[in-house]
Each structure stands twice: as C-alpha cells, then as structure tokens.
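# Working through the structure, step by step
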Amino acid sequence: MVSRRARERDGPSEATGRPDNPCSRSTSVDTVFQILSDELKAAFRGGVDEPWSDERFGDLAARVFEYQLDTNQVYANYCRKRGFTAAAYSDWESIPPVPTSGVKVVPLVSGDAASVERVFRTSGTTSGGVSRGEHHVPDLDLYRASLIPNLEKHLYGGDPLRLLALVPSPEEAPESSLSFMLGEALDMLSDGDGEFFVGANLGLDVGGLRVAIETACTQDQPVLLAETAFAFVHWL
C-alpha cells in the first residue's frame, strides 16, 4: 500500500444525499483508500457475467467520489468552480466529469503524486506530441483486478488463446497502459504463450509476425491478435 496524503479540510462537510462513508473524517486516508480498494477488488473479481445493480454501483461511485473530493485538490477546485458542492450530490450521474484534455494540463491525483505505483502516459498524437495525458495509478493490483475479468470475458471468452501483440512490450514501453494491459493478459490469461512484435522504436516485426501466424495455423492454435489501428495499417 502506497502512502497517501490527506488535504486539510476547513470544517465538516455539509449533509448530503450520499451513502454514508464507513470511514469517519478522522480515519487516515491510507485506511479509507485500503477499504475502498479492497472492496472494489472483491467486486471486480466477482466476475462480469451479470451487471451490477444501480444501487451497488451508485454506492461505490459515491464513496470513491467522496474520497476524490477529500484527497484531490485539483479536482475539488474544479468541482467548486463549476458550482458543484458536496450538498449538490444526488446520484452518480451528478458527479462532474473531467474532459480528456484535463489530464494533459495538470496531474489529477488523489493523494501524493510522488507515491503512486505507476504513471501511464498517452502517446500525445492528438496534440502533435506537445502534451501527453497522464494516468497516475496508486495501486496496480486494483488496476489488474478491474482489467483481467473483462479481458477474460470479452476477449478470451474462456479459451486459451495465444497472444500476438502489435504493440511494444511492457519492458519496452513502461509508460504505455496498453502495453501493461497486454503484458498482464499474456501472463495471466495466455499463460505466457505469445509475443510482442513492435520494438521500442515502434518498428513492426512483420517477418516475425508472419512466422507466428503461420505457426499458429499449422498447430491449429487460436490466437488473439491485439493491436492499435495504426499498427494494423502498417502490417497490411
């Protein structure tokens, strides 16, 4: 568990329609985060066969939102400038969304930015590489817990697929969330059976990919071909 830092509050929050947070204001931010993280991990690992009820989703969303207001000064200021106070909360749909451009301007971090486990960065293609969005991840286990059940259900379908990834490996691109996701899929869902075919210089190993596909065909082995749209274009 990474250390967290709570911001000082001016006083007790106003009464709201939010579900009661099981943690009091005096409870450490570490403890609040751990309680939420553990509950979310358990919920994610419960599988994705059935949708959550509105009540369950709303409860979790409200508590995460409350935590973000308490520990993310930038987001709290953003909400306040939009005229949104704690008392304005009615349900999860009333939570002020942040535009994607926001993460390219300022770090949006709940807690201490220096203590996050990983910072993923966008490629910056839409801004010509001038600005890159950042996703600060305080708990990679929580990230994995939300990722793996969905990949298993919607991409793997319960089958043992060989992963052929047209992206750099996590080692070659540690700031890429897509590389991280596919690295986790390779380890946890493909049992290590697969390869990455893009190098650090973003060059595509066309010959290696061709051999891998021909081998899979010869072995009658189903594959999961994962790539970005542009990698697919370069291959074709």
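For the structure, see preceding data.
We now turn to the structure provided with this report. (Residues numbered from 1 in each chain as written. Predicted model: local features only at pLDDT ≥ 70, side-chain atom pairs only at ≥ 80, totals over all residues. Heavy atoms only, no water.)

### Notes on the pattern of salt bridges
Convention followed: For this document, the term salt bridge refers to a Lys or Arg side-chain nitrogen within 4 Å of an Asp or Glu carboxyl oxygen. Comment: elements are numbered from the N terminus, with helices defined as DSSP H or I runs of at least four residues and strands as E runs of at least two. Each residue gets one of three labels from its accessible area relative to the maximum for its type: buried under 20%, exposed over 50%, partly exposed in between, using a 1.4 Å probe on protein chains only.
One pass over the full model with this rule turns up nine salt bridges. Arg144 is the partner of Glu184 in a salt bridge, and the nearest nitrogen-oxygen pair spans 2.8 Å. Taken as a pair, Glu184 in helix H5 (residues 177–188) and Arg144 in helix H4 (residues 140–156) lie far apart in primary sequence, 40 residues in all. You can call Glu184 buried: its relative accessible area is 11%. Overall, the relative accessible area of 23% leaves Arg144 in the partly exposed class. What emerges from the salt-bridge pattern is a single network uniting Glu39, Asp59 and Arg63.

### Some thoughts on helix H1 (residues 29–45)
Under the convention used in this document: To estimate the expected span of a helix, subtract one from its residue number and multiply by 1.5 Å. Arc, as used here, means the arc of the directions from the helix axis to the C-beta atoms. By definition in these notes, contact holds between two residues if any of their heavy atoms fall within 4.5 Å.
With 17 residues, H1 extends 24 Å between its outermost C-alpha atoms, agreeing within 8% with the 24 Å of an ideal straight helix rising 1.5 Å per residue. Those residues of H1 that fall on the buried side of the exposure criterion are Val29, Val32, Phe33, Leu36, Ser37, Leu40, Lys41 and Ala43. An end-on view of H1 places all buried positions within 160° of arc, on one side of the element. Opposite the buried face of H1, by more than 90 degrees, sit the exposed residues Ala42 and Arg45. For H1, the elements touching its buried residues are helix H2 (54–71) and H4.

### Observations regarding H2
The end-to-end C-alpha distance of H2 is 26 Å, a good match for the 26 Å that 18 residues give at a rise of 1.5 Å each. Those residues of H2 hidden inside the fold are in contact with H1 and helix H3 (73–81).

### Structural notes on the nonpolar core
What counts is decided by this rule: Think of a nonpolar core as a cluster: buried Ala, Val, Leu, Ile, Met, Phe, Trp, Tyr and Cys residues, connected wherever their side-chain atoms sit within 4.5 Å.
Membership of the largest hydrophobic core comes to 15 residues, with the highest contact counts inside it found for Tyr156, Leu163, Ala165, Leu182 and Phe196. For this core, the secondary-structure elements that each account for two or more residues are H4, strand E3 (162–168), H5 and strand E5 (223–227). The dominant element in this core, judged by the number of residues it contributes, is H4, at four residues. Counting eight residues, the second largest nonpolar core, distinct from the first, contains Ala62, Ala76, Cys79 and Tyr89.

### Some thoughts on the layout of surface pockets
Rules: Every definition here rests on a 1 Å grid over the protein atoms only: cavities are sets of points where a 1.4 Å probe fits but cannot get out, pockets are open sets enclosed by protein on both sides within 12 Å along at least five of seven lines, and lining residues have some atom within 4 Å of a point. Grid points are joined across faces, edges and corners, and a volume is the space filled by probe spheres set on the points. Side-chain classes follow a simple rule in which Ala, Val, Leu, Ile, Met, Phe, Trp, Tyr, Cys and Pro form the nonpolar group, Asp, Glu, Lys and Arg form the charged group, and the remainder, Gly included, forms the polar group.
There is about 1,000 Å³ of room inside the largest pocket. In terms of lining, the largest pocket is formed by 34 residues, of which the most central are Val64, Gln68, Ser110, His135 and His136. Elements represented by at least two residues in the lining of the largest pocket include exactly H1, H2, strand E2 (134–137) and H4. Roughly 890 Å³ of internal volume is contained in the second largest pocket. In this structure, the second largest pocket is lined by 30 residues; those nearest its centre are Ser123, Pro168, Ser176, Leu202 and Thr228. Of all elements in the fold, only strand E1 (118–121), E2, E3, H5 and helix H7 (229–235) reach the threshold of two or more residues within the lining of the second largest pocket. Here the residues of the lining of the second largest pocket sort into 14 nonpolar, eleven polar and five charged.

### Focus on a nonpolar patch on the surface
To keep it simple, the criterion reads: Patch definition: residues with relative accessible area over 30% and no salt bridge; like charges joined within 9 Å; nonpolar side chains (Val, Leu, Ile, Met, Phe, Trp, Tyr) joined within 5 Å. The method behind every accessible area is Shrake-Rupley, applied with a 1.4 Å probe, and residues are considered shielded solely by the protein chains displayed.
Judged by side-chain polarity, Val74, Val105 and Val106 come together as a nonpolar surface patch covering roughly 230 Å² of accessible area. By the secondary structure assignment, Val106 is in the loop between H3 and E1.

### A closer look at the sheet that holds E5
Just so we agree on the cut-off: In this scheme, strands are said to pair when DSSP sees at least two bridges between them. Fitted lines through C-alpha atoms give the axes, limited to the stretch in contact for helices. The angle between two N-to-C directions lies from 0 to 180 degrees.
The three strands are arranged E4-E3-E5 in an open sheet whose pairing can be described as parallel. Of all the strands in the sheet, just strand E4 (194–198) and E5 have a single pairing partner and so form its edges. For this sheet, the mean angle separating the axes of adjacent strands, direction not counted, is 15°. With five bridges connecting them, E3 and E5 associate as parallel partners. Pairing of Ala165 across the sheet is with Ala226, part of E5. Lying over the sheet, H5 contacts E3, E4 and E5, oriented at roughly 160° with respect to E3. Sitting on the sheet, helix H6 (residues 206–218) touches E3, E4 and E5, and the angle it makes with E3 is about 170°.

### A short note on the pairing of E3
Selection rule: The path from the first strand over the helix to the second decides the hand: if it runs clockwise while the strands point away from the viewer, the crossover is right-handed.
Where burial is concerned, most of E3 is hidden: seven out of the seven residues are buried. Sheet topology note: the E3/E4 ladder contains four bridges and is parallel. Each bridged residue has a counterpart across the sheet, and for Pro168 the counterpart in E4 is Val198. After leaving E3, the chain enters H5 and then returns to the sheet as E4, a path that is right-handed.

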